[in-house]
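A closer look at the structure
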Amino acid sequence: MLYVSLILESLRARPRLMFWTAALSQAVLWTLLPTLFYSAPAGDLPIVLAVGHEFQLGSDRGPPLAFWLAEIAYRLSGSMAGVYLLSQACVVATLTGIFALGRSTVGTAQAMLAVLLMIGVGAMSVPTPEFGPAILAMPIWTMVLLQFWRAVGEGRSEYWIALAVGMGLLLLTTSLSWLFFVLL
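Notes on the structure in this doc start here. (Residues numbered from 1 in each chain as written. Predicted model: local features only at pLDDT ≥ 70, side-chain atom pairs only at ≥ 80, totals over all residues. Heavy atoms only, no water.)

1. Let's talk about the overall build of the protein
Across its full length, the protein carries nine helices and zero strands. Going from N to C terminus, the protein has its helices and strands arranged as α-α-α-α-α-α-α-α-α. Along the first, second and third principal axes, the C-alpha atoms of the protein reach 65 × 45 × 25 Å. Buried positions account for 39% of the 184 residues belonging to the protein. Once local pairs closer than 6 in sequence are excluded, the contacts in the protein between residues at least 24 apart make up 64%. Approximately 10400 Å² of the protein is accessible, and the part contributed by carbon and sulfur atoms is 70%. Positive and negative charge centroids in the protein, built from 8 and 8 side chains respectively, lie 14 Å apart. (Helix = DSSP H or I, 4+ residues; strand = E, 2+ residues; numbered from the N terminus. Buried < 20%, exposed > 50% of the residue type's maximum accessible area, 1.4 Å probe, protein only. Contact = heavy atoms within 4.5 Å. Areas by Shrake-Rupley, 256 points an atom, 1.4 Å probe, with all protein chains shown as cover. Lys, Arg positive; Asp, Glu negative; His and termini not counted. Charge placed at Lys NZ, Arg CZ, Asp CG, Glu CD.)

Here is the structure:
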């Protein structure tokens, strides 16, 4: 008799449930850990908040959208927990975009494996509580790729406007967006 791991069987039978379990588990973990155990904001987060506090249209640090959103999240929550939650919302949005793109190209089970691999690599390398332009660019770039695939790969013309909006948001997020556009 052949035995299959419960995790592998769950991946095959209920990939969407596994996706949301993995993505939301990471979000809850990386929102609670910094909130409870960090004595100071992570990495460059104090600089991000300082630049965003002025709501300037531009600075020497780059386009303003990430700085503005960090300041708004801080003001709404009254603590760093709001900024950590915003960062994790960006991570979950990135994983959702990767899952949707993977479902469109290779299938649901393989898309779930791609997301699990991203979570594993991200846990070892990407400091997700450290919100800034790079963290905000992740979901926007993922959505730009998804819209590009739907417009060009699937030939669905209604996604061209969403692609243009995503590219505009990316221009407001990072000065490296031109490199992304050239790669696209």
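2. Topic: the layout of surface pockets
Roughly 390 Å³ of volume is contained in the largest pocket. If you trace the largest pocket, you find 19 residues lining it, with Gly132, Pro133, Ala134, Ile135 and Met138 closest to the centre. Residue assignment for the lining of the largest pocket shows that the elements contributing at least two residues are helix 3 (45–53), helix 5 (80–105) and helix 7 (133–153). In terms of residue count, the dominant contributor to the lining of the largest pocket is helix 7 (seven residues). (1 Å grid on protein atoms, 1.4 Å probe; cavity = no way out; pocket = protein on both sides within 12 Å on 5 of 7 lines; lining within 4 Å. Points joined across faces, edges and corners; volume = space filled by probe spheres on them.)

3. Observations regarding the nonpolar core
Counting 24 residues, the largest nonpolar core has Leu45, Met80, Val83, Phe131, Leu136 and Leu170 as its most contacted members. Those elements giving two or more residues to this core turn out to be helix 3, helix 4 (65–77), helix 5, helix 7 and helix 8 (160–173). Of all the elements, helix 7 adds the most residues to this core, at six residues. Excluding its chain neighbours within four sequence positions, the residues that come into contact with leucine 45 are Met80, Val83, Tyr84, Pro129 and Phe131. Listed in part, the 14 residues of the second largest apolar core include Val91, Val92, Leu95 and Ile119. (Core = buried A, V, L, I, M, F, W, Y, C linked by side-chain atoms within 4.5 Å.)

4. As for the environment of glycine 82
Structurally, glycine 82 can be placed in helix 5. Taking the relative accessible area as the measure of exposure, glycine 82 reaches 13% and is therefore buried. On a C-alpha basis, the gap between glycine 82 and proline 133 in space is 16 Å, while along the polypeptide they are 51 residues apart. Contacts of glycine 82, omitting those with residues within four sequence positions, involve Ala73 and Ser77.

5. Focus: the packing of aromatic side chains
Applying the stated rule across the entire model yields five aromatic pairs. With a centroid separation of 4.5 Å and an interplanar angle of 20 degrees, the aromatic rings of tryptophan 141 and phenylalanine 180 are classed as stacked. Separated by 39 residues along the polypeptide, tryptophan 141 in helix 7 and phenylalanine 180 in helix 9 (residues 177–183) bring together distant segments of the chain. A network of ring pairs unites the aromatic residues Phe19, Trp20 and Phe99 as a single cluster. (Phe/Tyr/Trp six-rings, centres within 6.5 Å; stacked < 30°, edge-to-face > 60°.)

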